[in-house]
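# Architecture at a glance
One-letter residues, chain by chain:
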Amino acid sequence: MKSLSITGLILLAVSALLFYLTTDFTVGGITISHMMGMMAGVGIGLIIGGMVGYVSKGSALKAEEKRKEFKQLQKDKEELEKQAVEIAKREAELQQQNQNPQI
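Residues numbered from 1 in each chain as written. Predicted model: local features only at pLDDT ≥ 70, side-chain atom pairs only at ≥ 80, totals over all residues. Heavy atoms only, no water.

## Looking at the overall build of the chain
Quick reminder of the rule: Strands here are runs of E lasting at least two residues and helices are runs of H or I lasting at least four, both read from the DSSP assignment and numbered beginning at the N terminus. For the exposure calls, accessible area comes from a 1.4 Å probe over protein chains only, and a residue counts as buried if that area is under 20% of its type's maximum, exposed if over 50%, partly exposed in between. Accessible surface area values rest on a Shrake-Rupley calculation with a 1.4 Å probe, where residue burial reflects the displayed protein chains alone.
Of regular secondary structure, the chain possesses two helices and zero strands. When the 103 residues of the chain are sorted by exposure, 2% land in the buried category. Counting only carbon and sulfur atoms, one obtains 66% of the accessible surface of the chain, whose full area is about 9600 Å².

Structure (structure tokens):
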């Protein structure tokens, strides 16, 4: 987003410079072509901004989904580790019973 803002500021500065060079900032120097150019610039900016927003929102949603999946995998891993510890305890108990048969 920073790079997009910087690009927007640079383009705004260039457009202000071009406007100054063509009209000297006088109201009488503004023609219909200047108005059309400003509206076209705003339209192009809105289109580009919409596309960038759509892409960044999609990326954010994918990243959030990955974070949720990672947390779920961590929980599953903890549960499997607990089960492995329980199984190891049971196996140790069975081995002790097999080594010391009670007669």
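## Considerations on a nonpolar patch on the surface
To keep things clear, this is the line we draw: In this scheme, patches are assembled from residues that exceed 30% relative accessible area and form no salt bridge. Like charges are connected within 9 Å, while nonpolar side chains (Val, Leu, Ile, Met, Phe, Trp, Tyr) are connected within 5 Å. One speaks of a salt bridge when a side-chain nitrogen belonging to Lys or Arg is within 4 Å of a carboxyl oxygen belonging to Asp or Glu.
Taken together, the side chains of Ile 6, Ile 10, Val 14, Leu 17, Leu 18, Tyr 20 and Leu 21 present a nonpolar region at the surface, about 690 Å² in accessible area. Tracing the backbone shows Leu 17 in helix H1 (residues 2–23).

## Some details on the pattern of salt bridges
Applying the stated criterion to the full structure yields one salt bridge. Glu 64 is the partner of Arg 67 in a salt bridge, and the nearest nitrogen-oxygen pair spans 2.8 Å. Remark: Glu 64 and Arg 67 occur in helix H2 (residues 32–99); sequence separation between them is three residues, near one turn of the helix. Judged by relative accessible area, which is 46%, Arg 67 ranks as partly exposed.

## Topic: the layout of surface pockets
Rules: Only protein atoms enter the calculation, which uses a 1 Å grid: trapped sets of points that fit a 1.4 Å probe without letting it out are cavities, open sets showing protein on both sides within 12 Å along at least five of seven lines are pockets, and any residue with an atom within 4 Å of a point is a lining residue. Grid points are joined across faces, edges and corners, and a volume is the space filled by probe spheres set on the points. In this classification, the charged set is Asp, Glu, Lys and Arg, the nonpolar set is Ala, Val, Leu, Ile, Met, Phe, Trp, Tyr, Cys and Pro, and all remaining amino acids, among them Gly, are polar.
Size it by volume and the largest pocket reaches roughly 730 Å³. At the level of secondary structure, the elements contributing two or more residues to the lining of the largest pocket comprise H1 and H2. The greatest single-element share of the lining of the largest pocket, amounting to eleven residues, is contributed by H1. When the residues that make up the lining of the largest pocket are grouped by side-chain class, the tally is ten nonpolar, eleven polar and no charged.

## Quick word on the UniProt feature "transmembrane region" (unreviewed entry) in the chain
The test is simple: UniProt positions are given in the numbering used here, feature names are shortened, and annotations may be inferred rather than shown by experiment.
In the numbering adopted here, UniProt assigns the feature "transmembrane region" (unreviewed entry) to residues 32–56. Along residues 32–56, the helical share is 100% and the strand share 0%, with 36 Å between the first and last C-alpha atoms.

## Description of the UniProt feature "coiled-coil region" (unreviewed entry) in the chain
Following the UniProt record, one finds the feature "coiled-coil region" (unreviewed entry) at residues 61–100. Counting secondary structure, residues 61–100 comes out at 98% helix and 0% strand; the distance between its end C-alpha atoms is 59 Å.

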